[in-house]
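Chain and residue survey
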Amino acid sequence: MASTTSRSRQDVISALEHLDTQLLWLSSWMIHNANHIRPKRDGLKVGGHQASCASITAIMAALYFHALRPQDKVSVKPHAGPILHAIHYLLGNQSRDLMERFRGLGGVQSYPSRTKDRIPVDFSTGSVGLGVAVTAFTSLVQDYLISHGQVKVEDSGRMIALMGDAELDEGNIYECLIEGYKHDLRNCWWIVDYNRQSLDATTADRMFRRFDDIFETCGWRVVTLKYGKRQREAFKKPGGQALEGWIDSCPNADFAALTYQGGPAWRARLHADLGAKAQTRKLIDSYDDEGLARLMTNLGGHCVETLIDAFDAAQDEVPTLFIAYTVKGHGLPLAGHKDNHSGMMNPSQMEQFRAGLGIAEGQEWEKWAGLGDNVAADLQTFIEASPIACSRPEAQAPTVAVPPRLPVPDGTEQSTQAAFGRILLDLAKSGEEMADRIVTTAPDVTQTTNLGGFVNQRGLFRRQELADVFHNAKIPSAQRWSQHAAGQHIELGIAENNFFIALTSLGLAAPHFGTRLLPVGTVYDPFIARGLDALNYGCYSDARFLLVGTPSGISLAAEGGAHQSINTPLIGMGQPNLAYFEPAFADELAAMMRWAFEHMQKPDGSSVYLRLTTRAISQVVRDDGAWEADALKGGYWLRKPSQGAEAAIVFTGVVAPEALAAWEQLAEDMPGLGLLNVTSPDLLHRDWSAQRAARWNGVASKPSHAETLLSDLAPGAGLVTVLDGSPGALSWLGGVMGMRVSPLGTDRFGQTGDLPDLYRTYRLDSEAIVDAAAELYLGN
Ligand SMILES: Cc1ncc(C[n+]2csc(CCOP(=O)(O)OP(=O)(O)O)c2C)c(N)n1
Ligand SMILES: [Mg+2]
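This text gives an overview of the structure that appears in the document. On a predicted model such as this, the values are computed, not experimentally measured, just so you know.

Points about the coordination of the magnesium ion (ligand 2)
Octahedral metal centres with six donors ideally show angles of 90 or 180 degrees, and tetrahedral centres with four donors ideally show 109.5 degrees. The protein atoms that coordinate the magnesium ion (ligand 2) are Asp 165 (OD), Asn 195 (OD1) and Gln 197 (O), at distances of 2.0 to 2.1 Å. Read from N- to C-terminus, the donor residues coordinating the magnesium ion (ligand 2) fall into the pattern D-x29-N-x1-Q. Taken individually, Asn 195 and Gln 197 each receive the classification buried, so the pair is uniform in this respect.

Below is the structure:
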């Protein structure tokens, strides 16, 4: 640590203490400015969390300006965002202008954002818990990349989460602990800002020490930083032990209330509880009110000396939980108040705070406000020498070449899920470079989502080799699960949150490590909902992966309502940074997968979601390849309508045979009837919206693909739309050119049954399509 070696330890501590104060000031001021000084136009609260920042400034000063190495990555608890910006302001990476625009358009974001903030942000945060677990999975990804020769061991870093204590209530934390243990997690620190306050209240005393048990069981080292140096020294004085015992048994709520009330209240309570012990009383009374309050709140997480000692002592690979005791709002008049989560200093409190720090009016944004020239110059030198100042910006990862075509699996009858497995298997057997970059993962559904072929070829990833016991014992099995460092499948337990967080970490390999992975994850389509927030988190972070939801819809038939997905098409359409496709035929799927592997690597690309099925259907015979370009834009005419036709059937995915059969039946009576295969309701809708927005913004634009397709029909034509999912995914098409729509699809829970029964019951069969078309036609 450059900063430590070139200075005396006392100098380092003193510099970090100054930095702690500067971070407290800048974060408080940034929030104050946005709420009390910047003109308001909408009467809405701007917000920001001064108390949440105040409890973690010493931790962040010690971490960023002492312990952090350039190759380490940090996830900062959402409400400490302003401190991260203040750190980068001091380092010269952030502008005053953007800090003045905190929570305004284009300014510093409320919570650290990889994509929207201009400073280096390793991990986005916001939805509590997810930004913590992502560090563990990123550590696993780093191990994967080391094993595959994509990252050098000496370049490997530590993945660190700075977390709020209430994040420990999120279930995804424990799912992650279990998975981490299975995968022999290393190089991961979680540092808890243990202020024992959440948003609503002080947290339960009963959890004291329980976290230690849970983490230690999962292979973590737990380091508790309960007392600051001042407290430890006081405990050693005569009567000090009783004081220590008192703090240890003080309920969280009492401690918080006394902190808020300050010195006199501390004294009164300590006299009442410990006054009978003469030495302890003497010790208490050796402090004036302010000194006593400072002593009682000198917890480990506010003592830079305690913090750097703890960080310095944890230099091995063991995953480590630091429980750093803190006071929410430490150093501010908000300290300890149970309602302080969204509390804010009022202007006169802020005035006092400013004056107390010796900051002159008008100097509030100065980098080293309130400090003398010598101290300022010294701090500047100190931070410039800190390892974090040498961090390089995220590297551009070279693109991995995608073959011009992916072979289409043979077979006149195929399901998209089986075809998916075959395409991946062919890739696994190929010598394509791209195949080496694919990494597959699934939450315990590898076999049933047809990833098995790929895994048999490429193996499971495991740092330490593990034999396939069944294979070695010559017990017949279709699955060969050899586990080794070169394996390309990460097998996860059945926890969809982990699955999506793992995809997020894998999908950020390019910006994090400067080398690409092409992650492919499969999950039963209905259980996307189980990990939906984590999926959203991955997309928000702009992670790039291919998500395959399969099987889907009531076409799962006998599996019943609990496993049949209904609203995933709407998720696919509504989720930003995720392009959703639902192929009907294997050749469409091959084209989409190829498109996806390219799209995932484009600067303006995104993740891709394929909704597949196990229902095998007859494949169509193509006259030419003209369909393909349109299919990749969201839809193509499987049966082109005659110009000005009065009606069309529009379908997506697995119900292609029903749509085709209905078309056959109706074509005689409805001359020129079209049959539109919507391969991506998402792309079609997005493109339509975007073209309209462009027109409104005065940008010249071509008609959207939906308009181009539908303009083959007569104005006011009728559309029967059908898919195995929410009808709303297609019914909007009527709005594109003002057409009448009869939407078919599922809008209530499914149930067990065979396909004919279910399609009839839920009106997805050709008869339902014919009926709907007749109604539209007759009504014409
Ligand atoms: C998933 C999720 N649920 C709810 C919230 C709203 N929320 C923001 S912070 C918070 C509590 C924070 O407490 P803690 O983690 O202890 O942080 P600190 O005390 O340091 O502010 C809650 C409930 C959120 N951000 N994410
Ligand atoms: Mg808290």
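Now that the structure has been shown, we can carry on.
Points about the packing of aromatic side chains
Inspection of the entire model under this criterion finds 20 aromatic pairs. Ring plane angle 85° and centroid distance 5.3 Å describe the contact between Phe 215 and Trp 220, whose orientation is recorded as edge-to-face. Grouping residues by exposure puts Phe 215 and Trp 220 together as buried. Ring geometry for Phe 581 and Trp 595: centres 5.1 Å apart, planes at 75°, overall edge-to-face. Of this pair, Phe 581 sits in strand 13 (residues 578–581) while Trp 595 sits in helix 27 (residues 586–599), and the two are 14 residues apart along the sequence. Grouping residues by exposure puts Phe 581 and Trp 595 together as buried. What links up through ring pairs into an aromatic cluster is the set Trp 25, Trp 29, Phe 353 and Trp 365. Directly above the ring of Phe 513 sits Lys 73, whose terminal nitrogen or CZ lies 5.5 Å from the centroid.

Some details on the pairing of strand 12 (residues 546–549)
Burial along strand 12 is two-sided: the face carrying Leu 546 and Val 548 and the face carrying Leu 547 and Gly 549 are both buried. Note on the crossover from strand 11 (residues 518–523) through helix 25 (residues 532–540) to strand 12: the handedness is right-handed. Sheet analysis places strand 12 next to strand 14 (residues 607–611), joined by 4 bridges and oriented parallel. From the neighbouring strand, Val 548 faces strand 14, where its bridge partner is Leu 610.

A closer look at the pairing of strand 1 (residues 73–76)
Burial of strand 1 is two-sided: the residues Lys 73 and Ser 75 facing one way and the residues Val 74 and Val 76 facing the other way are all buried. When strand 1 meets strand 2 (residues 159–164), the two strands line up parallel, connected through 4 bridges. Pairing of Lys 73 across the sheet is with Met 159, part of strand 2.

Some remarks on the environment of Gly 129
With respect to the helices and strands, Gly 129 occurs in the loop between helix 6 (96–100) and helix 7 (130–147). The residues touching Gly 129, leaving out its near neighbours within four places in the chain, are Glu 167, Glu 170, Asn 172 and Ile 173.

Quick look at helix 19 (residues 416–429)
Note on helix geometry: an α-helix contains 3.6 residues per turn, so any two residues three or four positions apart are oriented the same way. With 14 residues, helix 19 ought to run about 20 Å at 1.5 Å a step, and its terminal C-alpha atoms sit 20 Å apart, in line with that. Of all 14 residues in helix 19, 10 are buried, a share of seventy percent or more. Of the positions making up helix 19, those classed as buried are Thr 416, Gln 417, Ala 419, Phe 420, Gly 421, Ile 423, Leu 424, Leu 425, Leu 427 and Ala 428.

Points about the environment of Asn 252
Within the secondary structure layout, Asn 252 lies in helix 12 (residues 252–261). Excluding residues that lie within four positions of it along the chain, Asn 252 makes contacts with Arg 196, Thr 202, Thr 203, Ala 204 and Asp 205.

Quick look at the layout of surface pockets
By volume, the second largest pocket is sized at about 1200 Å³. If you go around the second largest pocket, you meet 37 residues; those closest to its centre are Arg 230, Arg 294, Thr 297, His 330 and Gly 331. Breaking the lining of the second largest pocket down by element, the ones donating at least two residues are helix 2 (9–37), helix 10 (229–236), helix 12, helix 13 (263–274), helix 15 (289–296), helix 16 (304–312) and helix 17 (347–356). The element contributing the most residues to the lining of the second largest pocket is helix 2, with 6 residues. Classifying every residue of the lining of the second largest pocket gives 14 nonpolar, 14 polar and 9 charged.

With respect to a nonpolar patch on the surface
Together, Val 469, Phe 470 and Ile 475 give the surface a local cluster of nonpolar side chains, amounting to about 310 Å² of exposed area. Looking at where Phe 470 falls in the secondary structure, it is placed in helix 22 (residues 469–472).

A short note on the site of ligand 1
The full set close to ligand 1 counts 18 residues, and Ser 52, Lys 77, Asp 165, Gln 197 and Lys 328 are the nearest of them. Between ligand 1 and Ala 166, the relevant distance is 2.9 Å, taken from an oxygen atom to a main-chain nitrogen or oxygen of the residue. Protein burial of ligand 1: of its 590 Å² of free accessible surface, 75% is covered by the chains.

What about unusual backbone geometry?
With an omega dihedral of -5°, the bond running from Thr 550 to Pro 551 counts as a cis peptide bond. For Pro 551, the location among the structural elements is in the loop between strand 12 and helix 26 (568–574). Its identity is not glycine, yet Asp 444 carries a phi of approximately 65°, on the positive side. Take Asp 444: it is sitting in the loop between strand 7 (438–443) and helix 21 (452–458). Residue Asp 444 is classed as partly exposed on the basis of its relative accessible area of 47%.

Overview of helix 8 (residues 171–182)
Its 12 residues give helix 8 an end-to-end C-alpha distance of 17 Å, which sits within 8% of 16 Å, the value for a rise of 1.5 Å per residue. Every buried residue of helix 8 is accounted for by Asn 172, Ile 173, Cys 176, Leu 177, Glu 179 and Gly 180. Where helix 8 is buried, its residues meet helix 7, strand 2, strand 3 (188–194), helix 9 (210–217), strand 10 (489–492) and helix 23 (496–506). Note on helix 8: the residue one or two positions beyond its end, Asp 184, has a positive phi of about 60°.

Remarks on the environment of Gly 48
Inspection of the secondary structure puts Gly 48 in the loop between helix 2 and helix 3 (50–54). Along the backbone, Gly 48 and Gly 343 are 295 residues apart, and their C-alpha atoms lie at a distance of 8.7 Å. Dropping the residues within four chain positions of it, Gly 48 is found in contact with Ile 31, Phe 102, Arg 103 and Met 344.

Focus: the pattern of salt bridges
Applying the stated criterion across every chain, the model contains 42 salt bridges. The residue Glu 317 makes a salt bridge to Arg 186 at a minimum N-O spacing of 3.0 Å. Here Glu 317, found in the loop between helix 16 and strand 5 (320–325), pairs with Arg 186, found in the loop between helix 8 and strand 3; they are 131 residues apart in sequence, far enough to count as distant. Arg 186 sits in the buried class, given a relative accessible area of 16%. The salt bridge involving Glu 351 is made with Arg 354; its shortest N-O contact spans 2.8 Å. Placement of both Glu 351 and Arg 354 in helix 17 is noted, with a separation of 3 residues, approximately one turn of the helix. By relative accessible area, Glu 351 is classed as partly exposed at 39%.

Each value, and the rule that gives it
- Residues numbered from 1 in each chain as written.
- Chains lettered and ligands numbered in written order.
- Predicted model: local features only at pLDDT ≥ 70, side-chain atom pairs only at ≥ 80, totals over all residues.
- Heavy atoms only, no water.
- Donors = N, O, S within 2.8 Å, 3.2 Å for Na, K, Ca; no water.
- Buried < 20%, exposed > 50% of the residue type's maximum accessible area, 1.4 Å probe, protein only.
- Phe/Tyr/Trp six-rings, centres within 6.5 Å; stacked < 30°, edge-to-face > 60°.
- Helix = DSSP H or I, 4+ residues; strand = E, 2+ residues; numbered from the N terminus.
- Lys NZ or Arg CZ within 6 Å of the ring centre and 35° of its normal.
- Right-handed = clockwise from strand over helix to strand, strands pointing away.
- Pairing = 2+ DSSP bridges.
- Contact = heavy atoms within 4.5 Å.
- Expected span 1.5 Å × (residues − 1).
- 1 Å grid on protein atoms, 1.4 Å probe; cavity = no way out; pocket = protein on both sides within 12 Å on 5 of 7 lines; lining within 4 Å.
- Points joined across faces, edges and corners; volume = space filled by probe spheres on them.
- Nonpolar A, V, L, I, M, F, W, Y, C, P; charged D, E, K, R; others polar.
- Patch = residues over 30% accessible without salt bridge, like charges linked within 9 Å, V, L, I, M, F, W, Y side chains within 5 Å.
- Areas by Shrake-Rupley, 256 points an atom, 1.4 Å probe, with all protein chains shown as cover.
- Salt bridge = Lys/Arg side-chain N within 4 Å of Asp/Glu carboxyl O.
- Near = heavy atom within 4 Å.
- Polar contact = N/O pair within 3.5 Å; in protein donor to acceptor, adjacent residues only side chain to side chain.

Remember that the coordinates give geometry; whether it matters functionally is a separate question.
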